[in-house]
Amino acid sequence: MAWSMYDSLIEGIPDGVLVKDYCLGVNWSYVEAESGCGVSYTCPGGAKGAETRDFRGLPLREMAKLAKSWSFGEASLGIAAMNAWYGQRKLLEPLGVEYEERQELPDGTTHKMDAFELLRPRIEAQGGANVVVIGHFPHVDRIAEYANLTVLERNCRTELDTPDPACEYVIPQADFVFQTGVTLENKTAPRLLQLGKKAYVTLVGPSVVMSPVLFDHGADMLAGSIVGDMERLKHAVKSGGMMRFGSALLMARLCA
């Protein structure tokens, strides 16, 4: 059952769509296919990679199977391959997706589609809500101003962070959960979604696969992105983090 979400996503990619190019970058990765371009965070760790094929010219569905690899680098490419299919406007717009371009400001990159701010009125209205954030996102500390906040992080960096094995204890008590899309790459997503079945769960970040399949497994909102400027995105990935994505990514939101 744990693989059913991945298998459904893989099976949803049709035969005949081929890979054109890809890059496993230092911080981010992309896959360019005949259907479009997909991006993912380059997840470190996991098993040693064993894949030696050149995927250029091979079916995108075959590359998407890498999402099930225990090499997290390979899995990052697998998720980017899924995003190269599911991140198409023609698939998302009939589902009611909302998206907009990032706004670049002098103090960093921000945008109106910030999932945390979108849900803030609902969280505040509940009063004393328990909020669990999986992954230390920028400015996550703001949530502590209006809710009981727990940040689960594999590598604890601040006093806000709690080691991620605490998920078994805190997520079942949560009212709202914000879950990084990287959990799709490290394979913790199925269990985390199961733990959060009583909460309103939002998957956040460019690694989120924008597919209703995730709603069938416990997600309530997908706050991901689609590629708006392929050439800028590819250059940003290859720069190793020296160049911001900026307008290369359009922030996207899809609700169950």
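Residues numbered from 1 in each chain as written. Predicted model: local features only at pLDDT ≥ 70, side-chain atom pairs only at ≥ 80, totals over all residues. Heavy atoms only, no water.

Novice: Account for the pairing of strand β7 (residues 130-134), naming residues and giving values.
Specialist: Looking along a regular strand, one sees side chains alternate from face to face of the sheet. With four of its five residues buried, β7 lies for the most part within the structure. Sheet topology note: the β7/strand β8 (residues 148-153) ladder contains five bridges and is parallel. Bridge pairing links V131 to L149 in β8. Taken together, the four bridges between β7 and strand β10 (residues 176-180) define a ladder with parallel strand orientation. Opposite V133, over in β10, you have F178 as the bridge partner. (Buried < 20%, exposed > 50% of the residue type's maximum accessible area, 1.4 Å probe, protein only. Helix = DSSP H or I, 4+ residues; strand = E, 2+ residues; numbered from the N terminus. Pairing = 2+ DSSP bridges.)

Novice: Please give an account of the packing of aromatic side chains that cites residues and values.
Specialist: If you walk through the whole model with that rule in mind, you get eight aromatic pairs. Residues W28 and Y41 carry aromatic rings whose centres are separated by 5.5 Å and whose planes lie at 80° to one another, so their mutual orientation is edge-to-face. Residue W28 is located in strand β2 (residues 28-33), and its partner Y41 is located in strand β3 (residues 36-41); the two are separated by 13 residues in the primary sequence. Seen in terms of ring centroids, F116 and F178 are 4.5 Å apart; in terms of plane orientation they differ by 40°. Their pairing is tilted. A residue pair is termed long-range when its members are at least 10 positions apart, and F116 in helix α5 (residues 115-126) and F178 in strand β10 qualify at 62 residues. Exposure class is identical for F116 and F178. Each is buried. Aromatic rings pair up to connect W3, Y6 and W70 into one cluster. The ring of Y200 is capped by R122, whose NZ or CZ atom sits 4.3 Å from the centre of that ring. The ring of W70 carries the charged tip of K187 above its face, separated from the ring centre by 5.3 Å. (Phe/Tyr/Trp six-rings, centres within 6.5 Å; stacked < 30°, edge-to-face > 60°. Lys NZ or Arg CZ within 6 Å of the ring centre and 35° of its normal.)

Novice: I'd love a proper account of the layout of surface pockets, names of residues and values included.
Specialist: Space left empty within the atom packing is revealed by a probe, the size of a water molecule, rolled over the atoms. A volume near 180 Å³ is recorded for the second largest pocket. In terms of lining residues, the second largest pocket is bounded by M1, A2, S4, M5, P190, R191, L193, Q194 and H217. Contributing elements (two or more residues each) for the lining of the second largest pocket: α1 (4-11) and α7 (189-195). A total of four residues in the lining of the second largest pocket trace back to one element, the largest contributor, which is α7. (1 Å grid on protein atoms, 1.4 Å probe; cavity = no way out; pocket = protein on both sides within 12 Å on 5 of 7 lines; lining within 4 Å. Points joined across faces, edges and corners; volume = space filled by probe spheres on them.)

Novice: Would you mind going over the pattern of salt bridges in detail, with residue names and values included?
Specialist: Tallying each qualifying case throughout the model produces 16 salt bridges. A salt bridge links R253 to E98; the nearest nitrogen and oxygen atoms lie 3.1 Å apart. Of this pair, R253 sits in strand β13 (residues 249-255) while E98 sits in strand β4 (residues 98-101), placing them 155 residues apart in sequence. Its relative accessible area of 17% is what places R253 among the buried residues. (Salt bridge = Lys/Arg side-chain N within 4 Å of Asp/Glu carboxyl O.)

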